[in-house]
Amino acid sequence: MVTSLTPEFWDRFAVLLVLAVGLTAVLAAAFDGLAVRRSLLRRSHKTLPEAPHRPNRKDHRTSVHC
């Protein structure tokens, strides 16, 4: 039993396809934004090790070697 696809079917199909593509794009952008925010927060919580304290001496000459 073969049935032909009606114009009403194609109209609904087109609407549902556009909605599915739009929903996919919105969800992908939302999850991408969450992933970026999470990685930035994780990176900002890491503290850099402090440089060793060097005394500021006036009699020390600055090195000019390249």
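The following paragraphs examine the structure supplied in this document. Every value quoted in this text rests on a predicted model; they were computed, and no experiment measured them. (Residues numbered from 1 in each chain as written. Predicted model: local features only at pLDDT ≥ 70, side-chain atom pairs only at ≥ 80, totals over all residues. Heavy atoms only, no water.)

1. Some thoughts on a nonpolar patch on the surface
On the surface, a nonpolar cluster with roughly 600 Å² of combined accessible area is contributed by Leu5, Phe9, Trp10, Phe13, Leu17 and Val21. Among the secondary structure elements, valine 21 is positioned in helix H1 (residues 7–45). (Patch = residues over 30% accessible without salt bridge, like charges linked within 9 Å, V, L, I, M, F, W, Y side chains within 5 Å. Areas by Shrake-Rupley, 256 points an atom, 1.4 Å probe, with all protein chains shown as cover. Salt bridge = Lys/Arg side-chain N within 4 Å of Asp/Glu carboxyl O. Helix = DSSP H or I, 4+ residues; strand = E, 2+ residues; numbered from the N terminus.)

2. Here's the deal with the pattern of salt bridges
Within the structure shown, the criterion is met by 1 salt bridge. For arginine 12, the salt bridge identified is with glutamate 8, shortest N-O distance 3.0 Å. Of this pair, arginine 12 and glutamate 8 both sit in helix H1, 4 residues apart, which is roughly one turn of that helix. Note on arginine 12: relative accessible area 56%, which makes it exposed. (Buried < 20%, exposed > 50% of the residue type's maximum accessible area, 1.4 Å probe, protein only.)

3. Details of the packing of aromatic side chains
By the definition in use, this model includes 3 aromatic pairs. Measuring from ring centre to ring centre gives 6.1 Å for phenylalanine 9 and phenylalanine 13, while their planes differ by 20 degrees; the resulting arrangement is stacked. Here phenylalanine 9 and its partner phenylalanine 13 are both found in helix H1, 4 residues apart, which amounts to about one turn of the helix. With a centroid separation of 5.7 Å and 90 degrees between ring planes, the pair formed by tryptophan 10 and phenylalanine 13 is classed as edge-to-face. With tryptophan 10 and phenylalanine 13 both in helix H1, this residue pair falls 3 residues apart, about one helical turn. Classification of tryptophan 10 by relative accessible area gives partly exposed; the value is 45%. Given the relative accessible area of 41%, phenylalanine 13 is considered partly exposed. Taken together, the ring pairs connect Phe9, Trp10 and Phe13 into an aromatic cluster. (Phe/Tyr/Trp six-rings, centres within 6.5 Å; stacked < 30°, edge-to-face > 60°.)

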